[in-house]
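Each chain is listed here by its residues.
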Amino acid sequence: MKATRLLATVGIVAAGALALTGCGGAQTPPAAAFDPDEKVTLTYAFWGNDDRAKRYDELIAAFNEEYPNITVNVSFTDFPSYWEKRQTEAAGGGLPDVFQFSDSYLRQYGESGNLLDLAQVADQVDMSTFDEGLLGTGALGGTQYSLPTGYSLWANFVNDDLVAQAGVAAPEGGTDFAEFDEWMAEVTEKTGGAVYGGTDYTQRIQAFELVLRADGGNLYTDDGELGFTKDQLREFWESGAGLRDDVAVPQQRLEELSPKSGFGAALTASEMSWSNFLGGYLADSGASSISIVAPPTAKEGSKDLYRQAGLQVAISAKTEHPQAAALFLDFVVNSEAAGQIFGTTLGFPASSSKLAGATLEGADKQVADYIESAADRIGDAPPVPVAGYGSLEQTFWELGKSLGLGTTSVDQAVDQFFSEAEVVLG
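Going by the annotation in an unreviewed UniProt entry, the name recorded for the protein is Multiple sugar transport system substrate-binding protein, with Microbacterium paludicola given as the source organism.

Have a look at this one:
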């Protein structure tokens, strides 16, 4: 069935509402064996753009060739709206049967009993195709709640067409932040603001994470606490003042473009995001060529990057069709068809069987080459995200936007973030 975009925007629901939906650790007994003759309808939700939706349409068509009696109804939206919707559903006990998931929400949804223990559907899901490190990104307390579709590295995307039009040299990867800021300012100046050098990357918690990891830190600790101080956050947000002073694309312009990013709308020459975004960026921007270079680093030689297997797939603990849901989940993360259709757009394939179906050429090979080129910067993965990390990530982004709009000061934003963290982390 064709994907349809969720149009309604729901209010932000406190992370604590999930605690109302169930108790962590409650397990459902294994379901009866799957009956291939039974007609089943599943719901599947994901975040993404039209390119991703088109690929899911193709994947579901391939899935239905094997399982013609399982109908999959899908819906999608952008990332922020997606999690607002999921939190509302979790509070009401009505999550989709299967849904695109993020390790940022693993504690939040797993500990509250919202996710199905995949051991209950082990006959339908092959986990032997994942290496232990990647398998662990969807596990909590020895329970496997989700499986990764792939993994990504934080990256810097550059629209080669716009750089050429601006008449500037392409940026080097792995420079320090000050050098990259100078490059952004040069693009904006040379084009008279027709094209901006990039977006204010201090809005993204992942850029802050780079700075912390360069000094051996992380966003959070093994004990579920924040891994940084108010002073560190204040210094980081203050470092973006120059970008917000007519170097980066104005936040008001971005608000008008949403859900497209400035880079996707070909208004900025660069943007930092996860490496699997290349396919979507090419589709959105219409660029003939986009380069991927390593993001800036706060300390040369540091191990500030890591394999991020955040894009996962999970099953609702309350699905009425756990076996059919598991068959679809397995098809998304393991099938050669998924590798062929998605390539690296859901991350570099995490399972050996999905990788076997992927033809790494064009944009997919470009992502693979980038991951290989940045190998020297890849360090250990951070601790399992704290419960409520997804909400904190969104709060960080929203406060960064407010800084760009000039509706809040850095000091106010820092205080607000830590106040929110106190509530979310308890």
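Still more to cover.
Novice: Any details on the overall build of the protein? Residues and values, ideally.
Specialist: Check the secondary structure of the protein and you find 16 helices and 13 strands. Scaling as 2.2 N^0.38, a compact globule of 426 residues should have a C-alpha radius of gyration of about 22 Å, and the protein matches this with 21 Å. Its C-alpha atoms put the protein at 65 × 45 × 40 Å along the principal axes. Looking at the protein as a whole, 56% of its 426 residues qualify as buried.

Novice: If you had to explain the packing of aromatic side chains to someone new, which residues and values would you point to?
Specialist: The tally for this structure, following the rule as stated, stands at 39 aromatic pairs. Relative to Tyr67, the ring of Phe63 lies with its centre 5.0 Å away and its plane at 35°, an arrangement referred to as tilted. Here Phe63 falls in the buried class, since its relative accessible area comes to 0%. By relative accessible area, which is 22% here, Tyr67 ends up partly exposed. An angle of 35° between the planes, with centres 5.0 Å apart, marks the rings of Phe208 and Phe236 as tilted. Of this pair, Phe208 sits in helix α7 (residues 205-214) while Phe236 sits in helix α8 (residues 230-238), placing them 28 residues apart in sequence. By the burial criterion, Phe208 is buried, and Phe236 matches it.

Novice: Give me the lowdown on the side chain of Thr395, citing residues and values where you can.
Specialist: Looking at the element boundaries, Thr395 is found in helix α15 (residues 389-405). Assessed through its relative accessible area of 16%, Thr395 is described here as buried. Look past the residues within four positions of Thr395 in its chain and what remains in contact with it is Phe417 and Glu420.

Novice: Report on the environment of Ala287, specifying residues and quantitative values.
Specialist: Along the chain, Ala287 falls in the loop between α10 (278-285) and β11 (290-293). The contacts of Ala287, once residues within four sequence positions are left out, are Asn159, Asp161 and Leu282.

Novice: Break down the sheet that holds β11 for me, citing the residues and quoting the values.
Specialist: Read across the sheet, three strands follow the order β10-β9-β11 without closing on themselves; strand pairing throughout is antiparallel. The open sheet has two edge strands, β10 (270-274) and β11, and neither has a second partner. When strand polarity is set aside, the average angle formed by the axes of neighbouring strands in this sheet is 30°. Bridge analysis of strand β9 (residues 154-159) against β10 gives five bridges, and the strand direction is antiparallel. Paired with Ala155 across the two strands is Ser273, which belongs to β10. Against the sheet, α10 touches β9, β10 and β11, its axis set at about 150° to β11.

Novice: Just give me the short version of the pattern of salt bridges, but keep the residues and values in it.
Specialist: A side chain with one charge may pair with a side chain of the opposite charge, provided their charged atoms come close. Taken as a whole and judged by the stated rule, the model has 13 salt bridges. Across the salt bridge formed by Arg86 and Glu89, the nearest N and O atoms sit 2.7 Å from each other. Of this pair, Arg86 and Glu89 both sit in helix α2 (residues 79-92), three residues apart, which is roughly one turn of that helix. With respect to burial, Arg86 and Glu89 carry one shared label: buried.

Novice: Let's hear about the packing of helix α1 (residues 50-66) against helix α11 (residues 322-334): which residues, and what values?
Specialist: Interhelical geometry of α1 versus α11 gives an angle of 125° and a closest axis separation of 11 Å. Of the possible angle classes, the one that applies to α1 and α11 is oblique. Handedness of the crossing formed by α1 with α11: right-handed. Two secondary-structure elements touch here, α1 through Tyr56, Leu59, Ile60, Ala62, Phe63 and Glu66 and α11 through Leu327, Phe328, Phe331 and Val332.

Novice: Break down a negative patch on the surface for me, with residues and values.
Specialist: Together, Glu172, Asp176, Glu179 and Glu182 make up a region of like negative charge exposed at the surface. By relative accessible area, which is 34% here, Asp176 ends up partly exposed.

Novice: An account of the nonpolar core is requested, with residue identities and associated values reported.
Specialist: With 121 residues, the main nonpolar core has Tyr44 and Trp237 as its most contacted residues. Considering each element in turn, this core owes the most residues, nine residues, to α11. Excluding residues within four positions of it along the chain, Tyr44 makes contact with Tyr56, Val72, Asn73, Val74, Ser75, Val98, Phe99, Gln100, Val313, Phe328 and Val332.

Analysis parameters
Residues numbered from 1 in each chain as written. Predicted model: local features only at pLDDT ≥ 70, side-chain atom pairs only at ≥ 80, totals over all residues. Heavy atoms only, no water. Helix = DSSP H or I, 4+ residues; strand = E, 2+ residues; numbered from the N terminus. Rg over C-alpha atoms; globule rule 2.2 N^0.38 Å. Buried < 20%, exposed > 50% of the residue type's maximum accessible area, 1.4 Å probe, protein only. Phe/Tyr/Trp six-rings, centres within 6.5 Å; stacked < 30°, edge-to-face > 60°. Contact = heavy atoms within 4.5 Å. Pairing = 2+ DSSP bridges. Axes fitted to C-alpha atoms, helices over the stretch in contact; angles between N-to-C directions. Salt bridge = Lys/Arg side-chain N within 4 Å of Asp/Glu carboxyl O. Parallel < 35°, antiparallel > 145°, perpendicular 65-115°, else oblique. Left-handed = near helix turned anticlockwise from the far one by under 90°. Patch = residues over 30% accessible without salt bridge, like charges linked within 9 Å, V, L, I, M, F, W, Y side chains within 5 Å. Areas by Shrake-Rupley, 256 points an atom, 1.4 Å probe, with all protein chains shown as cover. Lys, Arg positive; Asp, Glu negative; His and termini not counted. Charge placed at Lys NZ, Arg CZ, Asp CG, Glu CD. Core = buried A, V, L, I, M, F, W, Y, C linked by side-chain atoms within 4.5 Å.

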